[in-house]
Amino acid sequence: MKSDEATLKEKRQLFHRLLLALGEEKYKEVIVEGTYPGIESTTELNEQQLDRLIADAKIRIGRSDKSGLVKRRPIAAANAPEETEIRRMRNKCLQVLSQRGIKSTPKDWTQVNNELAAPRYQWIMSEKERAAGILNTRGLGTFNTVESLRKLFYQLCAIRDNETVIKTKVAERAAQN
C-alpha cells in the first residue's frame, strides 16, 4: 500500500501532466489560487483538493474531435458565467440581424450600428439622453447586460418574423396578379 505522501505526489504529477496537455501549465498557480484562495502551490493541497483539480482539468480536456485535436473548455467560462451569457446573447442578436440581411465584418460594423441607431432601439438610452436627442451610436456595445440583450433579441426576432410575414404576403399577391 502506498503512503499518503506518495499518493499526493502522483496526483500532483497527474495534475501537472493534464495542465501540460491543456497548454495551461504556466497558469497552474492562477488555477490553484482561483479554486482555493490563499493556496498558491499544489504542495499545500490535500488529496480531495487535488482530486477536484484533476477532475476539472479532465473536464476541460473533454473528448477528442474527429481531427484528433483536443476540445478545450475555456477557464473564463467557468469563472465568469455572466460574461459568457452576454457573449452568447450578443451572438444570438447578430444571428437574427444576419437573417434580416444586416451583417457585420470584423472591420466593418456600420450596418449593425446603423440598424441599432434606429428610434425603435433607443429604449436602452436613459430618459435624459433620449430627451436630449442622443442616439445609440455604440451599436451592440450599448446593450451590456443579459436582460437588455435578451430584450433586444426578442425585439429583433419579432421584427424578423414580421418582415417574413410581409414578404410572404407580397409574394402571394404577386403570384395572384
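Heads up: the structure comes first, above all this text.
Just so you know, these numbers come straight off a predicted model, no measurement behind them. (Residues numbered from 1 in each chain as written. Predicted model: local features only at pLDDT ≥ 70, side-chain atom pairs only at ≥ 80, totals over all residues. Heavy atoms only, no water.)

Things to note about the overall build of the protein
How we decide: Numbering of helices and strands runs from the N terminus, with a helix taken as a DSSP run of H or I at least four residues long and a strand as a DSSP run of E at least two residues long. Residue exposure (1.4 Å probe, protein chains only): buried if accessible area is under 20% of the type maximum, exposed if over 50%, otherwise partly exposed. It only takes one pair of heavy atoms within 4.5 Å for two residues to be counted as in contact. The method behind every accessible area is Shrake-Rupley, applied with a 1.4 Å probe, and residues are considered shielded solely by the protein chains displayed.
A count of helical and extended segments in the protein gives 8 helices and 0 strands. Along the chain direction, N to C, the helices and strands of the protein fall in the order α-α-α-α-α-α-α-α. Here the protein holds 177 residues, and 29% of them are scored as buried. For the protein, the proportion of contacts with a sequence separation of at least 24, taken over those separated by at least 6, is 48%. Carbon and sulfur atoms make up 53% of the accessible area of the protein, which totals about 12100 Å².

Looking at the environment of Gly-139
Tracing the backbone shows Gly-139 in the loop between α7 (127-131) and α8 (146-176). For the pair Gly-139 and Leu-116, spaced 23 residues apart in sequence, the C-alpha separation works out to 5.5 Å. If we ignore the near neighbours within four places in the chain, the residues touching Gly-139 are Asn-113 and Leu-116.

Describing helix α5 (residues 81-99)
Stated formally: Working rule for helices: expected span equals 1.5 Å times residues minus one.
With 19 residues, α5 extends 27 Å from end C-alpha to end C-alpha; this agrees with the ideal 27 Å at 1.5 Å per step. Those residues of α5 that are buried are in contact with α6 (110-116) and α8.

So, the side chain of Asn-136
The criterion, for reference: Each polar contact in these results corresponds to two N or O atoms within 3.5 Å; when the atoms are within protein, one needs to be able to donate a hydrogen and the other to accept it, and residues that are neighboring in sequence are counted only if both atoms are side-chain atoms.
Mapped onto the elements of the fold, Asn-136 is located in the loop between α7 and α8. Among the polar contacts made by the side chain of Asn-136, one reaches the main-chain amide nitrogen of Arg-138 at a distance of 3.1 Å. For Asn-136, the side chain forms a polar contact with the main-chain nitrogen of Gly-139, separated by 3.2 Å. Residues contacting Asn-136, with those up to four places away along its chain left out, are Leu-116, Ala-117, Gln-122, Ile-124, Met-125, Thr-142 and Phe-143.

Points about the pattern of salt bridges
The condition is simple: What counts as a salt bridge is simple: a side-chain nitrogen of Lys or Arg found within 4 Å of a carboxyl oxygen of Asp or Glu.
Taken as a whole, this structure holds 10 salt bridges when the rule is applied. The closest approach of N and O atoms between Glu-163 and Arg-100, which form a salt bridge, is 3.2 Å. With Glu-163 in helix α8 and Arg-100 in the loop between α5 and α6, this pair connects stretches of sequence that are 63 residues apart. Here Glu-163 falls in the partly exposed class, since its relative accessible area comes to 26%. For Arg-100, a relative accessible area of 14% gives the class buried.

Observations concerning the state of the cysteines
Defined as follows: Disulfide assignment relies on a single distance test, namely cysteine sulfur atoms paired within 2.5 Å.
Scanning all chains against the criterion turns up 0 disulfides. Cys-157 supplies the cysteine sulfur nearest to Cys-93, a cysteine that is in no disulfide, at a spacing of 7.9 Å. Cys-93 gets classed as buried once you look at its relative accessible area, which sits at 0%.

What about the nonpolar core?
Definition in use: Nonpolar cores are built from buried Ala, Val, Leu, Ile, Met, Phe, Trp, Tyr and Cys residues. Side-chain atoms within 4.5 Å join them into one set.
Membership of the largest hydrophobic core comes to 19 residues, with the highest contact counts inside it found for Tyr-121 and Leu-152. Every element with two or more residues in this core is listed here: α5, α6 and α8. For this core, the element with the most residues is α8, which contributes 7 residues. In this structure, Leu-152 is in contact with Cys-93, Leu-116, Tyr-121, Trp-123, Leu-140 and Phe-143, ignoring residues within four places of it in sequence. If you look at the next biggest cluster of nonpolar residues, it comprises 15 residues, including Phe-15, Leu-53, Ala-57 and Ile-61.

Some details on a negative patch on the surface
The line we're drawing: Residues enter patches when they are more than 30% accessible in relative terms and free of salt bridges; like-charged ones are connected within 9 Å and nonpolar ones (Val, Leu, Ile, Met, Phe, Trp, Tyr) within 5 Å. When charges are counted, Lys and Arg are positive and Asp and Glu negative, with His and the chain ends excluded. Charged groups are reduced to one reference atom each: NZ for lysine, CZ for arginine, CG for aspartic acid, CD for glutamic acid.
Among the surface-exposed residues, Glu-29, Glu-33, Glu-40 and Glu-44 lie close enough to one another that they form a single negatively charged patch. By the element assignment, Glu-29 lies in helix α2 (residues 28-35). Overall, the relative accessible area of 43% leaves Glu-29 in the partly exposed class.

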